[in-house]
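Descriptive analysis of the structure
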Amino acid sequence: RLTDRVTDLLHSLIPYFGCVIQKTAEGLQLTGADRHFMNAAAITPRTFQAPFTVRAVAKTDSTNLRLYWHLGEIILNWECSVRELRVHDPRTREQHGLEGAGFITTNEWHEVVWEITKHAMQLVVDGTTRYAGAGDYSAIDAPVGIGPCFGSTVTVREFTVTPGLDGATDTN
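Here's a quick rundown of the structure. It should be emphasised that the depicted structure is a prediction, and the values quoted were computed from it without experimental measurement.

Inspection of the secondary structure assignment puts T105 in the loop between β11 (95-99) and β12 (110-116). Take T105: its relative accessible area is 29%, and that puts it in the partly exposed class. Side chain to side chain, T105 and E108 meet in a polar contact 3.1 Å long.

The pairing of strand β3 (residues 19-23) with strand β4 (residues 28-32) spans five bridges and is antiparallel. Counterpart to Q22 in the pairing with β4 is Q29. The antiparallel hairpin formed by β3 and β4 contains four residues in its connecting segment, where G27 sits at a positive phi of about 145 degrees.

What follows covers the sheet that holds strand β2 (residues 14-16). Taken in spatial order, the seven strands make up an open sheet running β2-β5-β15-β8-β9-β10-β11, and their pairing is antiparallel. Of all the strands in the sheet, just β2 and β11 have a single pairing partner and so form its edges. Across the sheet, the mean angle from the axis of one strand to that of its neighbour is 20 degrees, orientation sign disregarded. Note: strand β8 (residues 65-69) against strand β9 (residues 72-76), five bridges, orientation antiparallel. From the neighbouring strand, Y68 faces β9, where its bridge partner is E73.

Taken as a whole and judged by the stated rule, the model has three aromatic pairs. Between F48 and F52 the ring centres are 5.8 Å apart and the planes differ by 40 degrees, which places this aromatic pair in the tilted class. The burial state of F48 is the same as that of F52; both residues are buried. Three or more aromatic residues joined by ring pairs form one cluster here, namely F48, F52 and W69. Lying across the ring of F103, R83 places its NZ or CZ 4.5 Å from the centre. The ring of W78 has R86 lying over it, and the distance from NZ or CZ to the ring centre is 4.5 Å.

Enumeration according to the criterion identifies six salt bridges in this entry. Note that E158 is salt-bridged to R55, the shortest N-O span being 2.5 Å. Taken as a pair, E158 in strand β16 (residues 154-163) and R55 in strand β7 (residues 52-60) lie far apart in primary sequence, 103 residues in all. According to the relative accessible area criterion, E158 is partly exposed, its value standing at 30%. The shortest N-O distance in the salt bridge between R86 and E84 comes to 2.6 Å. For E84, a relative accessible area of 14% corresponds to the buried category.

Conventions we followed
- Residues numbered from 1 in each chain as written.
- Predicted model: local features only at pLDDT ≥ 70, side-chain atom pairs only at ≥ 80, totals over all residues.
- Heavy atoms only, no water.
- Helix = DSSP H or I, 4+ residues; strand = E, 2+ residues; numbered from the N terminus.
- Buried < 20%, exposed > 50% of the residue type's maximum accessible area, 1.4 Å probe, protein only.
- Polar contact = N/O pair within 3.5 Å; in protein donor to acceptor, adjacent residues only side chain to side chain.
- Pairing = 2+ DSSP bridges.
- Axes fitted to C-alpha atoms, helices over the stretch in contact; angles between N-to-C directions.
- Phe/Tyr/Trp six-rings, centres within 6.5 Å; stacked < 30°, edge-to-face > 60°.
- Lys NZ or Arg CZ within 6 Å of the ring centre and 35° of its normal.
- Salt bridge = Lys/Arg side-chain N within 4 Å of Asp/Glu carboxyl O.

Here is the structure:
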């Protein structure tokens with residue numbers, strides 16, 4: 001059963017690209033080492049291949065709650081326009097902007113689910129689909145990450161990855 005394969009990765013996330021991770025009573029607090037100009041990520045210690053689903057329960061204090069996989073990036077509360085959802089394709093890095101789909105309330109918990117199959121992906125925030133698109137993700141094998149950018153602080157209460165069949169590989 002797929003539900004038996006849920007992997008809670010919250011306390012195994014490792015700092016990457018200038019990320020500072022602090023354990024707090026609420027979860028992991030993520031900031032950038034340079035709070036003004038640095039995007040940062042906490043990444044999984046293992047890699048994932050499609051199909052898999054990332055589920056985060058997280059909040060931001062201002063802007064930029066970001067998810068990462070290979071060249072892909074999901075940006076909620078983008079610093080240039082908090083109401084615009086930014087989606088970067090994991091294989092091509094092609095950028096999509098969806099006006100009116102990117103805002104999340106600050107300092108409140110949100111469930112963010114990023115489902116990636118071999119040929120499509122979708123983003124669901126608090127039960128509402130905010131993006132769905134096609135792409136070829138079958139050859140990608142990379143860690144998954146979450147983080148802040150440009151001075152935001154992201155707090156993560158839950159971070160799980162549920163791989164599909166043959167969806168996870170160890171990097172050790």
